[in-house]
Amino acid sequence: MEEWVEKAKRGEPEAYEKLFRQYRKMAYAAAYDKLGDAQSSEDAVQEAFAEAFEGLQALQQPKAFPGWLRTIVQRRAIRLIRRKKIPALPIGESFSDFSDKEGSAEEIAERRETKRMLYDSVEELPETQRLAVRLFYFEGCRTKDIAVFLDISESALKKRLFDARAKLRSALHVSDFSAAFRDLHEGGKHMLHIVNGDHTADLLRQAGIEGEVLVWRELYPFGPVFADMEEASARFARAEVLEQDLGIPRALYLDGCAEQERKLRELERFEEAVLWFEHDLFDQAMLALLLNRIGRMQRGRTRISLLCIGEFPGIEVFRGLGQLKPEQLRTLSGTWQPVGEAQFALASRFWTAYSSPDPEEHVRFLAADTEALPFARAAFEAHLARLPSAFDGIGSIQRAALEAAASGAAAPGELFRLAADKLVALGLGDLEFWRHLELMSAGPSPLLRLSGDGSFPKYGQSPPDFGKREFEPSALGRQILAGEVPAPQDAGAYPEWAGGLRLAGPDAPRWDARAKRIVRANGD
């Protein structure tokens, strides 16, 4: 931990992320202990980390970081209480809708009442014991980490937990608090939820959906992908491109891959694994890889389920689960469907085609029956639409950016908003989009003219002047939009890779959307 604090002091982005991931749950528990409200606690945590990272140079002893952070969290929580009235919600209430649905109505009611009594009893504990119980039982933190966070010895922490259990035994008339807690949450604690981003993971936790959460951190629409992404050579090749184009440190990427792979190999520990995914290419490519991988694993008796949606009531343009509020996400709990051989087989065909360097493999997938995964076809078509067109030499992202700029939008943020609205099927991220704009503005035949100063954002970097830069179509860009000329092959307006396809060179693939076929850059 001290090493990461020193790296954060030097401004290394991966160090900030490491510290945030290490201490987020503990900071949340400390905030919730003061506020008793999930959303306000998240606000306090975000503000506390921002304050801590901004003032990190003032911290003389790196080993003091956990206790220092806890103090900042508590101070932020107190400020929030003074700033606005926090609606106190006992922690047990957030779980009241998630009692086991199995058993008679009488049994369900009894379990809910026991759960309410358990949480009410925890609320009555002295503050020092209450926070220790939350960190150990509710958040699942290790005693060693909790002791450092609370700035006490590990033996003192164990004494607090021992005293807390004694009080809870007296209040609940149970012999073993940990067993009682485990029994109440048995269904959820034996589940693994796999999601595509940290924001969705946080929403699941706020919604009270029980079980462990595995965040799969990848963006398969960008950079090269390979049939076997577990091979070291594939990972290193991909890491090199992501670092060069998006600024993602290769060590961070490779370490992240190893960690999420390690967690995935523990699948047999769970009774059920639920994959939460959406309709766009970003999610469908990830879903295909995961189902392809899981389908080849020894899963034991673990059930695999899938929740995959493309819309939600009341949301006109649905982009993803991250748009939902915790209470909306809660309504999806239990609506997932079992994954069978048809889904595993189609996912394997999707990934085989998507990662193939052979253009014909990509076209053949569109001829396949994709009913088992209803969003697979549209996502794959969105993938192929990114390829330079056989008619005008630009792909869907370049066209959307040019059209947005031609409409009068000049600022980067406005360009991204307009382009993302047209490219919902891609699930386009801002970091990826900035790279496209950078390429469209460079090269011997730029499609965009760029004014102002400020470098393009990369991972962990947000240059303040970039938002003031302005874009407009170049003369060539306007000619392409008007259908007067195609983009020259040396325009260099697109990244080098789209799935397993390489977009550079005389044999680069071009997409004929009318005939739904791929041709070469220099003709058939």
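You'll find the structure just up there.
Keep in mind it's a predicted model, so treat the numbers as computed, not measured.

(A) View of unusual backbone geometry. Residue D151 is not a glycine yet carries a positive backbone phi of 60°. Counting through the fold element by element, D151 comes out in the loop between α7 (143-150) and α8 (154-172). Phi is positive for K516, which is not a glycine, with a value near 50°. Relative to the helices and strands, K516 is located in the loop between β10 (509-512) and β11 (517-520).

(B) Representation of helix α21 (residues 430-440). α21 sits mainly inside the fold: nine of its 11 residues count as buried. Within α21, burial applies to L431, E432, F433, W434, R435, H436, L437, L439 and M440.

(C) Broad picture of the packing of aromatic side chains. A complete count under the given rule lists 20 aromatic pairs for this structure. Ring plane angle 50° and centroid distance 5.5 Å describe the contact between F416 and F433, whose orientation is recorded as tilted. Of the two residues, F416 is situated in helix α20 (residues 412-422) and F433 in helix α21; the sequence distance between them amounts to 17 residues. The exposure class assigned to F433 is buried, which follows from its relative accessible area of 0%. By way of ring pairs, the aromatic residues Y220, F350, W351, Y354, F365 and F380 are connected into one cluster. Over the ring of W4 we find K7, and its NZ or CZ is 4.7 Å from the ring centre. Over the ring of F391 we find R514; its NZ or CZ atom is 4.2 Å from the centre of that ring.

(D) View of the sheet that holds strand β5 (residues 337-338). If you walk across this open sheet you meet the five strands as β2-β1-β3-β4-β5, and the pairing is mixed. Each edge of the open sheet carries a strand with a single partner, namely β2 (212-215) and β5. Pairing geometry for strand β1 (residues 191-195) and β2, over four bridges, is parallel. For L192, the partnering residue across the bridge sits in β2 and is E212.

(E) How the structure looks around the nonpolar core. Grouped together as the largest cluster of nonpolar side chains are 86 residues, with contacts concentrated most on Y220 and L275. Top contributing element to this core by residue count: helix α14 (residues 281-295), with 10 residues. Other than its neighbours up to four places away in sequence, L275 contacts I194, L287, L290, L291, I294, I304, S305, L306 and L307. By size, the runner-up hydrophobic cluster in this structure holds 46 residues, among which are V5, I72, A77 and C141.

Definitions and limits used
- Residues numbered from 1 in each chain as written.
- Predicted model: local features only at pLDDT ≥ 70, side-chain atom pairs only at ≥ 80, totals over all residues.
- Heavy atoms only, no water.
- Helix = DSSP H or I, 4+ residues; strand = E, 2+ residues; numbered from the N terminus.
- Buried < 20%, exposed > 50% of the residue type's maximum accessible area, 1.4 Å probe, protein only.
- Phe/Tyr/Trp six-rings, centres within 6.5 Å; stacked < 30°, edge-to-face > 60°.
- Lys NZ or Arg CZ within 6 Å of the ring centre and 35° of its normal.
- Pairing = 2+ DSSP bridges.
- Core = buried A, V, L, I, M, F, W, Y, C linked by side-chain atoms within 4.5 Å.
- Contact = heavy atoms within 4.5 Å.

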